[in-house]
Amino acid sequence: MKIHEIKQFDHIVIGSGLAGLTCAYHLAKSGRSVAVFTKREIDECNSRFAQGGVACVTDKLDSFDEHVADTLTAGAGMCDEKAVRAIVEAGPEAINEIISLGAKFTTRAELGHKDDPDSFDLGREGGHHKRRILHAGDITGAELERVMVKTIREKNNVTVFENHIAIDLVVSKRLGLPGSNRCFGCYVLNSENGEIFTALAATTTIACGGAGKVYLYTSNPDVACGSGVAMAYRAGAKIANMEFIQFHPTILYHPEIRSFLISEALRGEGAVLKCREKRNAEPVEFMQKYHPMQSLAPRDVVARAIDSEMKRTGEECVYLDIRHHSEETLKRRFPNIFAQCLEAGINMAKDLIPVVPAAHFVCGGIKTEVNGATSILGLYAAGESACTGLHGANRLASNSLLEAMVIPRAMAEDIESRFDSLNAIHPDIRKAMNWTTGNATNSDEQILIAHNWDEIRRFMWDYVGIYRTSKRLERAKNRIKLIRKEIEKYYWDFIVTPDLVELRNIATVAELIIDSSLKRKESRGLHYNADYPFLDPELECVDTIIQRDVRSL
Ligand code: SIN
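Residues numbered from 1 in each chain as written. Predicted model: local features only at pLDDT ≥ 70, side-chain atom pairs only at ≥ 80, totals over all residues. Heavy atoms only, no water.

What about the site of the ligand?
The environment of the ligand is made up of Gln51, Gly52, Glu125, His248, Leu261, Ser263, Glu264, Arg299, His360, Arg395, Ala397 and Ser398. One of the side-chain nitrogen or oxygen atoms of His360 is found 2.7 Å away from an oxygen atom of the ligand. Contact distances for the ligand include 2.7 Å between an oxygen atom and a backbone N or O atom of Ser398. In isolation the ligand has 260 Å² of accessible area, and contact with the protein removes 95% of it. (Near = heavy atom within 4 Å. Polar contact = N/O pair within 3.5 Å; in protein donor to acceptor, adjacent residues only side chain to side chain. Areas by Shrake-Rupley, 256 points an atom, 1.4 Å probe, with all protein chains shown as cover.)

A look at the nonpolar core
Generally speaking, a soluble globular protein has its nonpolar side chains buried in company with each other. The biggest cluster of nonpolar side chains holds 65 residues, and the ones touching the most others in it are Phe37, Leu169, Ile456 and Met460. In terms of residue count, helix α15 (residues 498-519) provides more of this core than any other element does, 10 residues in total. Among residues more than four places away in sequence, those in contact with Met460 are Val214, Tyr215, Gly465, Ala510, Ile513 and Ile514. Counting 49 residues, the second-largest nonpolar core is a separate cluster that includes Val84, Ala373, Leu402 and Val406. (Core = buried A, V, L, I, M, F, W, Y, C linked by side-chain atoms within 4.5 Å. Buried < 20%, exposed > 50% of the residue type's maximum accessible area, 1.4 Å probe, protein only. Helix = DSSP H or I, 4+ residues; strand = E, 2+ residues; numbered from the N terminus. Contact = heavy atoms within 4.5 Å.)

With respect to the packing of aromatic side chains
Scanning all chains against the criterion turns up 12 aromatic pairs. Here Tyr215 and Phe247 contribute two aromatic rings whose centre-to-centre distance is 5.3 Å and whose plane-to-plane angle is 80 degrees, an arrangement assigned as edge-to-face. With Tyr215 in the loop between β11 (203-206) and α5 (227-235) and Phe247 in strand β13 (residues 245-252), the pair connects residues that are 32 residues apart, well separated along the chain. Each member of the pair, Tyr215 together with Phe247, is buried. (Phe/Tyr/Trp six-rings, centres within 6.5 Å; stacked < 30°, edge-to-face > 60°.)

Some points on the side chain of Arg267
In this fold, Arg267 is placed in helix α6 (residues 265-268). One polar contact links the side chain of Arg267 to the main-chain carbonyl oxygen of Ser295, over a distance of 3.0 Å. Apart from the residues lying within four places of it in its own chain, the contact partners of Arg267 are His248, Pro249, Thr250, Leu273, Ser295, Leu296, Val302 and Leu320.

Here is the structure:
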């Protein structure tokens, strides 16, 4: 067995989206060394594609209580109210901090409004009863990521390892060390030279983003493979509420342009959803049949309504109509979406926009406290990988960027307050540690990896999507069991390539989603099972927890 290199840091952050870089930023304030591992380039992340913005109370006509209330309503009885309040109330400070680092949010003057020109323009999205979304045009995530990349690049004590993919966590149970489970770092594959090394640190923070690639249709970029949740699960951490997968109602429906989000902010500016009753008929509004907030209803309601209308009418998509605004207004408020639609041959001011739902956000994840602490000592999680209790059974739009900015500060403060005890590396760690597979090699089984990858994404879409039944979930369970066995039995001991690491992660996450969905015997928020179409009051606030038996590690 090859003894591989060990690199030592004070802190490790896995992932370089908004949550990851904000964690690195706050951890670095102590002057200690921070390593950021990111599997592609630093800004290749889900955060960069967030269009809508950051939900935060900044308007005098708004209040923390109202933001909390909207979050709880969307969360359908599954939010942790204390976590919601803590995150909502910490919002303004986080916004001020990122502005001080250089973030630019759109002002009313920039949109041509004469009243209150210096204040920020506030957008509205589904489930919000007030305008409270700060935005940077329609590329908010890209703007915040830009600022954090620049900030991190300027920190001498932060080293960013691009093209480095974390494979698994180094935890005491897996190493056979006594005592409760404790994280010491992670194994990392350098995709450029194929070498694997061990990175050790007092704390390891998972901020690997979402898992949209588990589904055939998604708004997420290729990097969203759920690697954080998968690694934490394999290490024995508690994983919560993975049945709550959010499907964004409006992804552009186009044969060549895939995964392009049409922001909910359009509906905040009055766009309405329409569908054709039959081919060639004029599309008509339908959301009045489903919810009093109509096209601005919470996302779970809207996505299910679209799914049901598409099945009822046999149409391949529905439409967004925002033609009541002028071309000039739309270009100014939604420059990126306008340009992308135009490229697709759609002028938003004149044409209807064809849209379909697609997997967008994982509301569950690694169970954490509001300071990011997980059930494993020394392991923290933030952003979409984490389940803090903010989102419950259905995330309120634009609450995720808020969470990604708020949690890291509380996390870094907690870590610094007990750094010495976290830094006490077990004396036997180096002896116990080894890497049990061979080094990375090129796989001649690429076709099998690609096939398994496609198969998972297709059956997850068909059987574990917006509309679920127990039979479909059981079918999915049988298939994923086989694929997981194949991965572990035929490949894992021989090859470790980035593709295989990702396949193994999406398979783990797919199984977690299926198992959590099978466990929840009701329909709530984003989880709809036609065999249990009711809400069970007994299950309110009861998390679905999955934890790998530590004895089997
Ligand atoms: C959107 O702009 O519709 C997405 C915002 C979000 O997912 O929070």
